[in-house]
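Coordinate analysis (summary)
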Amino acid sequence: MNIPVYKWFIRVSVFLICLVLLTGCWNSKELDELGIAVATGIDKNDDGDYIVVVQVINPSEIATDAPTNRPPVSTYSITGKTIFEAFKKLSAKSPRKIYFSQMRLVVLGEKLTEEGIMPTLDFLYRDHEYRASFYVTVARDAPVDKMLSIVTPYEKIPANKIMNSIDNVQLNWGVTKGVTIDKLIADIRSPGIAPVLAGIYIIGNEDEGNNMSNVENVDAPTKLEIDHLVAFKDDKSVGWLNEEQSQGLNYATGDVKSTIVTHPCDDEGTLTVEILRSSSGIKANTKGSRPTATISIEAEGNVAEVDCEVDLGAPDAIHKINKEVEKQIEDLVQSTIKVSQEEFESDILGVGSAFHKDEPKYWKSVEGDWDQHYKEVEISVEAKVKVRRKGNSTQPIDKKG
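1. Some remarks on the overall build of the protein chain
From N to C terminus, the protein chain includes 13 helices and 13 strands. Pairs at least 24 residues apart make up 71% of the contacts formed inside the protein chain by residues separated by at least 6 positions. If you sum the accessible surface of the protein chain, you get close to 21,700 Å²; carbon and sulfur atoms cover 50% of it.

Here it is as structure tokens:
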């Protein structure tokens, strides 16, 4: 039976299309051929060479429920004239090709941040293997290789511990930020706001923390903790914020999800308010003798703890608490403003972005030298707090019946 030519043509065309669409994973790699990196540390040594440290999962230790003496991760450290050279030289130390698509964390050394981090970010952002969802952090007072060698309790993978801790502190205490590489690059390139990064530090003996014995105690002697924020000017670090200043920055930028405010009562003792939500905005103005900006903050919360003689049922009790909390929030933000203007000379609050939006003509004239003009801006803070709930009792619970 003869088949028409056009039907042969259709069959051949379908066959060729299938060959193109069903080629399979031509560049696939078996898992037992890869070393899955979850964290990378980058710094510079005194000779100007790059130090690269990679934290790689030991899959057999992660998959098993039976405890062994082997650590769940391994670290490999190497130096190179460039970052790419150092990464290539890792092949001499790792028995497997390092795979970076699952990376959770990048830890930058203090020496590197002081010299400038843009070349490092360019490499991390340019490489197609890296996803943009990892956090960028800074190691404080410790080398990056020591930082990534600490064995952590509770979380088998230290990189996961750090990332989860950053999220937890940001959500419940408000003194740090989880910053991805996209956000970091955007802030560096924007003249209207300067970036900040979360810090990590080691508590205890860093040389003992890389042994499995570190997690055999109820209270691990060596721990990784989330520090406060480090401020940048362009792509260089210029100083560390303390706890109050870090929290003040998050209030100013609307990044406080939940925290507490404790203030003294009239006689003795304290009263604590739990902040449950907050928002902020900045308005800029050039009318008058000098440019001004107003940071407006709104927050809601509940009375969480009362350790003094106070009657929450009194008509003006909640109003008074609102005013006390407002004053404390304003003081926190003012402390951040002061250090950013006088010490860092860096607009970490994003005041320049407000001028860009509200006063475009003025902004165009100062954009090229904003850090110098930022020091002269008069910034005020207005906080508005609403305490919604007083709890189950309007009186403090004491031993009297």
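2. So, the packing of aromatic side chains
All told, the structure shown has eleven aromatic pairs when counted by the stated rule. Cluster of aromatic residues (ring-pair linked, three or more members): Phe-84, Phe-87, Phe-100, Phe-123, Tyr-130 and Phe-134.

3. Re the packing of helix α9 (residues 243–252) against helix α10 (residues 317–344)
Orientation of α9 relative to α10, taken along the N-to-C sense of each, is 105 degrees, at an axis distance of 7 Å. Comparing their axes, α10 and α9 come out roughly perpendicular. In contact with Glu-244, Gln-245, Gln-247, Gly-248, Leu-249, Tyr-251 and Ala-252 of α9, α10 contributes Ile-329, Leu-332, Val-333, Ser-335, Thr-336 and Val-339. Its residues assigned to classes, the contact of α9 with α10 comprises seven nonpolar, five polar and one charged.

4. Structural notes on the state of the cysteines
Taken as a whole and assessed by the stated rule, the structure comprises one disulfide. Across a sulfur-sulfur distance of 1.9 Å, Cys-265 and Cys-308 are joined as a disulfide pair. Handedness of the Cys-265-Cys-308 disulfide follows from its S-S torsion of about -55 degrees: it is left-handed. One end of the pair, Cys-265, is in the loop between β10 (259–264) and β11 (270–285); the other, Cys-308, is in the loop between β12 (292–307) and α10, and 43 residues separate them in sequence. The exposure class assigned to Cys-308 is buried, which follows from its relative accessible area of 7%.

5. Quick word on unusual backbone geometry
Positive phi values are uncommon outside glycine, yet Asp-141 reaches one of about 60 degrees. Here Asp-141 shows up in the loop between β6 (135–139) and α6 (144–147). By relative accessible area, which is 63% here, Asp-141 ends up exposed. Not every positive phi belongs to a glycine, and Asp-234 is a case in point at roughly 60 degrees. On the secondary structure map, Asp-234 appears in the loop between β8 (223–233) and β9 (236–240).

6. Focus: the packing of helix α5 (residues 118–126) against helix α8 (residues 181–189)
Viewed as axis vectors pointing N to C, α5 and α8 meet at an angle of 140 degrees, and their least axial separation amounts to 11 Å. Between α5 and α8, the angle is such that the two are oblique. α8 is crossed by α5, and the crossing has left-handed handedness. Judged by residue contacts, Met-118, Leu-121, Leu-124 and Tyr-125 of α5 engage Ile-181, Asp-182, Leu-184, Ile-185, Ile-188 and Arg-189 from α8. Here the contact of α5 with α8 is built from residues that sort into eight nonpolar, no polar and two charged.

7. Some words on helix α7 (residues 158–172)
Compared with an ideal rise of 1.5 Å per residue, which puts 15 residues at 21 Å, α7 spans 21 Å between its outermost C-alpha atoms and is within 8% of the ideal. For α7, the set of buried residues is Pro-158, Ala-159, Asn-160, Lys-161, Ile-162, Met-163, Ser-165, Ile-166 and Gln-170.

8. Some words on α8
All buried positions along α8 are accounted for by Ile-181, Leu-184, Ile-185, Asp-187 and Ile-188. For α8, the buried positions fall inside an angular range of 165 degrees around the axis, keeping them on one side. Turning to α8, the residues buried within the fold contact α5, β6 and β7 (196–203).

9. Some details on the pairing of β11
A regular strand places its side chains on the two faces of the sheet in alternate fashion. Where β10 lies against β11, six bridges are found, and the strand directions are antiparallel. Looking at the pairing, Pro-264 lines up with Thr-270 of β11. Taken together, β10 and the strand that follows it, β11, pair antiparallel across an intervening segment of five residues, in which Gly-269 is found at a positive phi of about 90 degrees. Here β11 pairs with β12 via 15 bridges, running antiparallel. Each bridged residue has a counterpart across the sheet, and for Asn-285 the counterpart in β12 is Thr-292. Counting the residues between successive antiparallel strands, the hairpin from β11 to β12 contains six residues, one of them, Gly-288, with a positive phi of roughly 105 degrees.

10. Remarks on the sheet that holds β11
Pairing is mixed in the open sheet, where four strands are placed in the order β10-β11-β12-β13. Bordering the open sheet on either side are β10 and β13 (378–389), each of which pairs with just one other strand. With direction set aside, neighbouring strand axes in the sheet form an average angle of 35 degrees. Together, β10, β11, β12 and β13 form the strand contacts of α10, whose direction differs from that of β13 by roughly 150 degrees.

What counts and how
- Residues numbered from 1 in each chain as written.
- Predicted model: local features only at pLDDT ≥ 70, side-chain atom pairs only at ≥ 80, totals over all residues.
- Heavy atoms only, no water.
- Helix = DSSP H or I, 4+ residues; strand = E, 2+ residues; numbered from the N terminus.
- Contact = heavy atoms within 4.5 Å.
- Areas by Shrake-Rupley, 256 points an atom, 1.4 Å probe, with all protein chains shown as cover.
- Phe/Tyr/Trp six-rings, centres within 6.5 Å; stacked < 30°, edge-to-face > 60°.
- Axes fitted to C-alpha atoms, helices over the stretch in contact; angles between N-to-C directions.
- Parallel < 35°, antiparallel > 145°, perpendicular 65-115°, else oblique.
- Nonpolar A, V, L, I, M, F, W, Y, C, P; charged D, E, K, R; others polar.
- Disulfide = S-S within 2.5 Å.
- Buried < 20%, exposed > 50% of the residue type's maximum accessible area, 1.4 Å probe, protein only.
- Left-handed = near helix turned anticlockwise from the far one by under 90°.
- Expected span 1.5 Å × (residues − 1).
- Arc of directions from axis to C-beta.
- Pairing = 2+ DSSP bridges.

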